[in-house]
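Chain and residue survey
Residues per chain, in single letters:
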Amino acid sequence: MIRATLSGLLAHKLRLVMSVFAVVLGVLAVTGSLILTDTLSRSYAAMFDDVYDYVDVSVSVPPRVDTGYLSAPATMPASVVDRLRALPPVAQATGNVSTQDGARVVGRDGKVLTTLGAPRIGLNWTDDDQFVDLRAGRGPVTDDEVAINAGLAATTGYTVGDRIGVLTRAPRRTFTVVGVFGYSGNRDSLAGETIVAFTLPAAQQLLIGEKDVVTSVDLVAADGVSPDRLRAAVAGELGPAYRVQTAAELSREASESVDEGLRFFTSVLLGFAFVALFVGVFLILNTFSIIVAQRMRELALLRAMGASRAQVIGSVQAEALVVGLVSSVAGVLLGIGVGRLLAWLYATYLGGGVDLASPTVPPGAVLAGFAVGIGVTMVAALAPALRAARIPPVAALRESSAGADRLGRITVAGAAVTAVGAALLAAGLTDHAGRGNSPAALLTGVLLILTGIALLTPVLVRPVLAVLGAAFAGWTPGRLGGRNAARQPRRTAITAAALMVGISLVVGIGVVLTSVTKSFDAALGNQIKVDLIIAGEQTGPLPPTFDGSVLDRTRRMPDVETVLGFSTDVGLLDGGQATIGAVTDSAAMRAMFGMRTAAGTLDGLGAGQLLVDERTAAAAGRHVGDRVRVQLTKGDARTFAIVGIYTRTPGMSGWLTGDAERSNFRTTDPSTGLVRVAPGASVPAVRARIAGLLSDSPEATVSDRSGYLRQQTRALDSLRGMVQILMALAIIIAVLGIVNTLALSVIERTRELGLLRAIGLRRGQVVEMIGVESVLISVFGALLGVAVGVLLGAATVQGLHDQGIEELGLPWGQMVAYLVLGVAIGIVASVAPAVRAARLNVLAAIGYE
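Computed from a predicted structure; not experimentally measured.

Tracing the sequence through the fold places G771 in helix α22 (residues 763-799). For the pair formed by G771 and P477, sequence separation is 294 residues and the distance between their alpha carbons is 9.1 Å.

Shown next as C-alpha cells:
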C-alpha cells in the first residue's frame, strides 16, 4: 500500500499543484505574521534598552486615571528634584516634563503634521542628556525658542532659524527653532516620533498647565551604587505615593506596552491568514474528492486485492500528509522571507527608521506554520478518504467513475450547523454569551454560518445555475457549459463556496460600515438640530481640539442663535473607567439633540453634577440623587451627584458633567462645537466668519452637516479598503480553486471532450464551453457571497441597534463590483483549463481510460 500510495502520488502530482499552492499561501501568511511581530518586538525592546542606557532610576507619580500608553502624566513638585539630588547615592538628578501627543507641529502647508500613530512628544530641553546628540544650533534658552528632533526637521524642512507653529494645551503659538538634535547611533528618531523641546517653564505651562512641577525625575547613581540600591534609597525617601523604577524595569514596561499593541496587530493578521486557510480547505477538499472519484476503479481493485478500508483511508491521508509537509516547508521558508521584508518596510516607511533586530526564526513561528499546513490539509482530505474507504470492490467493473450526488444528509447537516452558528452570533451580539465571551461567540458563529451555508449550497446549484445559464442558452457552447457546471452540484458548490467566504466577509463589513455612516447621517439630518459643526478629523491618539474662546466669540455673533461646546475625557466612576463628557450649556444640548428627561432635570448642569442616559443608569443601578465618587484626569477624587437621567439619542449617550469640570480634563479645550444659525441668517456667511476664528486652531474646521459627515467617516473608508486588501489572499485562493476544479474536470472528461470534438465541436467552441462553465461557477460564488454578506451585516447592525446604529445601509457599489469581479474571475480562471482542453488530440482523447 505504501508503494501504491507513492506511485499514485507521483502519477497525479500535477493535480495537487493548486492544493500545494493554496496551503503555501496560508502557511506563508501565518509564519510571516509571526516573524514580523517577533522582529518588531525585539527591535523595540532593544530600542528601549538604548533609551534608558544613561539612566539608573526614574521617579514618577502614578496617573490618576490609568489608560495605559496614553495616560495623562501626573505631576510632582519641582522641589522633589533638589530633594533627590541631595541624597548621597545620587550623582545626578534631572527633572523632566513630557507628554505624549503634547506638541503638534504645524507644517509649512498650514496643516498639522500627522505621524501614522507615532507619538508627537512635547518635553523640556536638558543639556545633560547623554543619549541626545545636538546636531545643529543649541538648546532653547527663552520661552519663545524650541529645539526639534532631526526626524521632524527632515519631514517638515524646518531648520535652525525658522519660525515654527506648535499646538499644545494652548492654541497655535509660533517659536524660533534654535536647535536640531538626534540620538546616539546617528538616529534621527527612534520610531517615527516627533519631538519639540521647550524651556522648562514653557513646558510646564504649555504641556501641563501648572508651574513648578515635573512629570518625572531621572537619576544617575553615584560610583559604586547599584540601581537596585539607589531605587531602595529613593523609595525610602519618597514613600509609596511615588513610583520608583530602575532602567531595566522601565525598558521592560515599555516593551510590554508595545508588545500589547503588537499582539492585537498579530491577531488581526492571523485572523485574515486563517480565513485564507479556511478557504484553502474547500480547495483541498474538492481536489481530493475529484481525485478519489477519478481513481474509483483503481481503489476498488486495491480493495479486491485485499486492501482494508483502513488502508485505503491511510493511503489518501498519506497523500495529504505529503502535500501538507511539502506545502508547509515551502510556506515556512517563504514566510520567513516575507516576514522580514514586511518588518523592513514597516521600519522604513512607518516605524520612523527603528533599527531592526538581527534576523532570527522563532521556533513558535515554524511550529505554527507546520501545524496549520499539515493539519488543514489532512483535515480537509479526511472526508474524501472516508468516501474512498466505502468504495466496494465491485466498482472495479463499472465504467463510470462518478455517481450522482446524494444531498439529503448534507442539507440537514448544513441547516443544523447554520442554526448553531446563528445562535452563537446572536448571543455574541446581544451579550448573552457570558462576560468576556462575546468576541469568541461572534467569530465562532460567523465561521459556523459560513460552513453551514457551504453545506447547504449544493441544493441551490441547479436552480440558481438554471437562471444564470439562461443568459448563455442561445448557443451550443453556452448550453453545454451550463450543463457541465450543474452536473456535479457538490463539486460546484464547494468551488463556489471558497469564493463566497472571502466576498461575504468583505461585503458584511461593508454593510456594517455603510450602516454606521447612514445612521450618523440620519442622526445629523433628523435628530440633531444644528447648522454648523466645529470639529477635526482624528489622526492621532487623542481627539483634535480648538481654542475654547472660539465658542464665546461665535456666541456673540448677531446671526447665531445657539452655541454648544463639548469635551470628552476618561475618568473613574466609583473605581471603574468611563468616558465623561462636559457640555457648555445643558439646556442648549437638550434642545439640539431632542433629549427628553426621564428623571430629575437636564438644565443648569454645573460643577460636581452628572447626567446619565437611562440605559447606562439602569446597567449601573443608579438613580437621581445618587452620589458617585469621580476621579478626573486632574485634581483629587470628589463626590458628584446625579441630577438627571435622560433618554438616549443617536447623538448623545453616557455620562455628562458641567463645563466647569473641563479644567480637570486632560485637554481643557473643546473637541466639538455645534452652532445653530438664527432664522433668516446666511449659513455660508456665518461659516466663513467662524473659519476665520479658527486660524490658530488648524486641527479643527467648521462644516455643514454633510461636510462633517464626510470628515468623520473618512476613517471608515480607509478601514473598508484595508479589509479588502487583507481579504485579497482568500479571494486569490478561491480563484485557484476554480482553476483547479476546471483543470481536474478536463482530465476527468477527456474522453467526452474527444467525442465532442469528433462530432464537430470546434476548438474555439471548447474554449467557450469551459469559459461559460467557469463564469457560472464564479458568478454563483460571488452572488452567494454578496447575499450571505448582506445577511451577516444586517444581523450585526441589528445587534448594534442599542449602540445607535439604527439604519441599515447597503454598499450597492461594492456589491455590484464584486458581481462584476465574479465574471472577471471566471474568465481568467478558465484560460489555462480551456486552452488545455482545446489542444487535446481527438483520437487520443477518445481512447483515454
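Moving on: unusual backbone geometry. A positive phi angle is found at D101, which is not glycine, with a value near 55°. One can find D101 in the loop between β4 (98-99) and β5 (104-106). Residue classification places D101 among the buried positions, given a relative accessible area of 6%. Although it is not a glycine, D574 sits at a positive phi angle of roughly 50°.

It is worth spelling out the environment of A782 at this point. With respect to the helices, strands and loops of the structure, A782 is situated in helix α22. A782 gets classed as buried once you look at its relative accessible area, which sits at 0%. C-alpha of A782 to C-alpha of L821: the two residues are 39 residues apart in sequence and 7.9 Å apart in space.

Contact geometry of α22 with helix α23 (residues 812-838) gives a least axis separation of 7 Å together with a crossing angle of 150°. In this view, α22 runs roughly antiparallel relative to α23, as classed from their interaxial angle. Relative to α23, the crossing made by α22 is right-handed.

This next bit is on the nonpolar core. Within the largest apolar cluster, 48 residues are counted, with the highest numbers of intra-cluster contacts made by F282, L450, M500, V501, I503, V507 and M727. Those elements that place two or more of their residues in this core are α2 (17-51), α7 (247-294), α11 (408-429), α12 (438-456), α15 (489-527), α20 (705-748), α22 and α23. Every residue in contact with L450, bar those within four places of it in the chain, is listed here: F278, M500, V501, S504, L505, V788 and L792. Listed in part, the 44 residues of the second largest apolar core include L84, A150, V166 and L219.

Basis of the calculations
Along each chain, residue indices are assigned from 1 in the same order as the chain's sequence is written. Totals for whole chains, interfaces and linings use every residue, but because this is a predicted model, local features are given only for residues with pLDDT of at least 70 and side-chain atom pairs only at 80 or more, for both listing and counting. In computing side-chain values, all of the structure's heavy atoms are included and hydrogens and water are not. The helix and strand labels rest on DSSP assignments: H or I over at least four residues marks a helix, E over at least two residues marks a strand, and numbering proceeds from the N terminus. A simple rule labels every residue: compare its accessible area, found with a 1.4 Å probe on the protein chains alone, to the largest value its type can have, and call it buried under 20%, exposed over 50%, or partly exposed in between. Note on geometry: axes are C-alpha line fits, over the in-contact stretch for helices, and angles between N-to-C directions span 0 to 180 degrees. Orientation is classified from the angle alone, with under 35 degrees giving roughly parallel, over 145 giving roughly antiparallel, 65 to 115 giving roughly perpendicular, and any other angle giving oblique. The hand of a helix crossing depends on one turn: near helix anticlockwise from the far one by less than a right angle means left-handed, and clockwise means right-handed. Working definition of a nonpolar core: buried Ala, Val, Leu, Ile, Met, Phe, Trp, Tyr and Cys residues. They are joined through side-chain atoms within 4.5 Å. Throughout, a residue-residue contact means that at least one pair of heavy atoms, one from each residue, lies within 4.5 Å.

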